[in-house]
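Listed below, chain by chain, are the residues.
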Amino acid sequence: MKQDVPNLLALLKQHFGFASFRPLQEQIIRDALAGRDVLALLPTGGGKSLCYQLPALARPGLTVVVSPLIALMKDQVDALQASGVAATFLNSSLNTTEARARLRGLHQGQYRLLYLAPERLMLDGCLADLQGWQVNLFAIDEAHCISEWGHDFRPEYRQLVRLREVFPQVPFMALTATATERVRQDILKQLHLRSPGFYVASFNRPNLTYRVLPKAKAAEQVLAYVRAHPRDSGIVYCQARKTTESMAGRLAEAGVKALPYHAGLTTGERSRNQELFLRDEVRVMCATIAFGMGINKSNVRFVMHCDLPKNVESYYQETGRAGRDGLPSECVLLFSAGDVVKHQQFINEKPDPREQQIAREQLQQMVHYAEISECRRAALLDYFGETYPETHCGGCDNCLAPRATYDGTVEAQKFLSCVYRVRERCGFGVGLNHIVEVLTGADTEKIRRWGHEQLSTYGIGKQHHRSEWAVIGRELVRLGYLRQTAEKFSVLELTPEGMAVLKQRQSITLTQPMALPEAKFHRAGEITCDEVLFEQLRQLRKQLADERGVPPYIIFSDVSLRQMARNYPQDESGFARISGVGENKLREFGAVFLDAIAGHLRTNPRQVFAEDWSVVTPARSSGVNDSMRETMRRFRAGQSVKEIARQRGFVPGTIYGHLAGAIEAGERLELDRFFSAEELEKVAPWFAKNGFANLGESLEALGGQIEYGRLRIYRAIRNQQAKR
Ligand code: ADP
Ligand code: MG
């Protein structure tokens, strides 16, 4: 129905204050309005709620939303009410009077949306009541809860099929962020979906930056990170309950507001801690994986994992809680090989061999993610069967600062031949640890029993530590020269490619181990704004939220506040253009926020922001032309110089020229996007000694590896730092 197009957009702006749909939202909404069943797989933060909330407002009748958690329902209903939408929920948290009042409202047709817990449906009279309320859609949120294969199985969800029996004519919309095929099939089957519209969004989360750091002292690493991001709120996941407590304690000692969350706390403590976090009273939640689903807080800026998650799916879900508002956010995994061993021991204790095997495969994939030297985003998406189209995402440590490599031919030869010799002697394969022990000449019971101290490869790898050999071994697996089986004693086998390496003495490039933790974390693509004003608006938001007893993000998201602190709206019409400002919020909050902005401008200068990037003071902007601006925009969005050059049809030198010019005009860029640590170690002393007078000469003196364009960048950034 064509005439709906402007209507839907108008409704979107009117009620929610958004100017456009996120991917697939509009198609899903259209299907729902046409009475079709829908199965929608959108990543966390993809905007699933809107898919059923907007249809509810587009026509008369009641939309029933089934949702698994009481906290989740309350949060969504609060948010809808803040936008002026008549929504309510029924669950066991209400007292009788309150529940009666709501039922009365429902009988009178006062509500457009009703949130229900699935167990509620089975209560006496609920289905009969629903029959009298003109239900036009059943939305099943977190639909993976219906599947035993998902990570959050809720047996009550199995009851939902009764809705289908009682309301054969009412369409279903099932929504989830869980993408695995098995769960998908389960949802289709259990809910009896009828040739549903099937929508799968990309699971790429472009605003998330992925990093892996070698784990040293986790608590100190977390503290350093949290200190480096003094205003950001985040989740720190730990495996053990007691670690969440000691971690929160350590942070609190250092003056960071942090609390623990785990299933061992009382219900009261859990909901209190969660509430404090949602309300921005507490900045960091140190939690086990019990903390998660239903955390709709949109401004979680980082998710750190202190321990290795058990599989990639969980890691993806947990990191997905960062940056729902679409602003840049970070996911940091602290990785140590010791964690892998702990997982393996745990897996070995599982009674069912089939389960063990699945767990082992999943663990291998997780370790693969942690150790890979290529794009992490591509690796994550690959796990979900999605191909990331670019070679460099610009949003993971490996793309931002590619790890150095070395000629590992000798190491590879030693390792592979050791695998070969061991099998030759024993007639059976052994695990990675045993190979490492043979290489390093260890004296173990097994080595003696099998006579491995007599192998020609015994002790030929003493120049490396055992942990280094383990890293090399795992990289050889990743590179396809070895295969690791997933049985109880997972053994290494040479692949045909590995055999070829041995026979032909092929040269092999390996990756340097990860550098030790840096103190600095750099985040690309932030919406630049007047930080002082942003801070004031945050305080105002907090105050308004407290008065209303709701979390701050229900008043406005960080995106809205940042836009305000960038555009400085002066009147209602300017305010209405801010993303997230619908009619109701304009009416309710327009005046106070406009006041705050005007008050700020009375005593502070208005900063000028270029169209879509960074601060430019008018005097300086003269040297920056449109082409440079376009380069900057792409570079800030995370593209590499090579990519920009290729896509814009320039040579990389031109792109470096644009960037150097922009830096000279006052733009700030970080050295680490252009140079590896090793390169800096060469470049810095050279220039410190010889100055910047002759770049051509420097190019030669430095061995010609670092292009002229990058030397220019180096000079521009250093000159800029000197002036500050
Ligand atoms: P999900 O349930 O898929 O994780 P939500 O429904 O909680 O995601 O939405 C995540 C965030 O995105 C919310 O803050 C929501 O207001 C915002 N959002 C949803 N749709 C849009 C849109 N079309 N434009 C801008 N923001 C949107
Ligand atoms: Mg949701």
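Residues numbered from 1 in each chain as written. Chains lettered and ligands numbered in written order. Predicted model: local features only at pLDDT ≥ 70, side-chain atom pairs only at ≥ 80, totals over all residues. Heavy atoms only, no water.

The tally for this structure, following the rule as stated, stands at zero disulfides. The thiol sulfur of cysteine 375 is not disulfide-bonded, and the nearest other cysteine sulfur, from cysteine 393, lies at 3.6 Å. On the basis of relative accessible area, cysteine 375 is assigned to the buried category, the value being 6%. The cysteine cysteine 418 is free of any disulfide, with cysteine 426 supplying the nearest cysteine sulfur at 10 Å. Overall, the relative accessible area of 0% leaves cysteine 418 in the buried class. (Disulfide = S-S within 2.5 Å. Buried < 20%, exposed > 50% of the residue type's maximum accessible area, 1.4 Å probe, protein only.)

The next subject is the site of ligand 1. Surrounding ligand 1, one finds 13 residues, the nearest of these being Ser20, Gly45, Lys48, Ser49 and Arg324. Between ligand 1 and glycine 45, the relevant distance is 2.6 Å, taken from an oxygen atom to a main-chain nitrogen or oxygen of the residue. Here ligand 1 has 570 Å² of accessible area as a free molecule, and 81% of this is covered by the chains. Along the lines of polarity and charge, the residues of the shell around ligand 1 split into three nonpolar, seven polar and three charged. (Near = heavy atom within 4 Å. Polar contact = N/O pair within 3.5 Å; in protein donor to acceptor, adjacent residues only side chain to side chain. Areas by Shrake-Rupley, 256 points an atom, 1.4 Å probe, with all protein chains shown as cover. Nonpolar A, V, L, I, M, F, W, Y, C, P; charged D, E, K, R; others polar.)

It is characteristic of soluble globular proteins that their nonpolar side chains tend to be buried jointly. Counting 137 residues, the largest nonpolar core has Leu130, Phe138 and Phe593 as its most contacted members. Not counting chain neighbours up to four residues away, the residues in contact with phenylalanine 138 comprise Val64, Leu130, Leu163, Phe167, Val170, Pro171, Phe172 and Met173. With 28 residues, the next largest nonpolar core counts Cys426, Val436, Leu439 and Leu482 among its residues. (Core = buried A, V, L, I, M, F, W, Y, C linked by side-chain atoms within 4.5 Å. Contact = heavy atoms within 4.5 Å.)

Our focus in this paragraph is helix 22 (residues 531-548). Look at helix 22: 26 Å from first C-alpha to last across 18 residues, which is about the 26 Å you get at 1.5 Å a residue. Residues of helix 22 that are buried include every one of Leu533, Phe534, Leu537, Leu540, Arg541, Lys542, Leu544 and Ala545, and no others. Looking at the buried residues of helix 22, the elements they touch are helix 23 (552-555), helix 24 (558-567) and helix 26 (583-603). For helix 22, the capping residue at the N-terminal end is aspartate 530, with a side-chain oxygen 3.2 Å from the backbone nitrogen of valine 532. The first or second residue beyond helix 22 is glycine 549, which carries a positive phi of 65 degrees. (Helix = DSSP H or I, 4+ residues; strand = E, 2+ residues; numbered from the N terminus. Expected span 1.5 Å × (residues − 1).)

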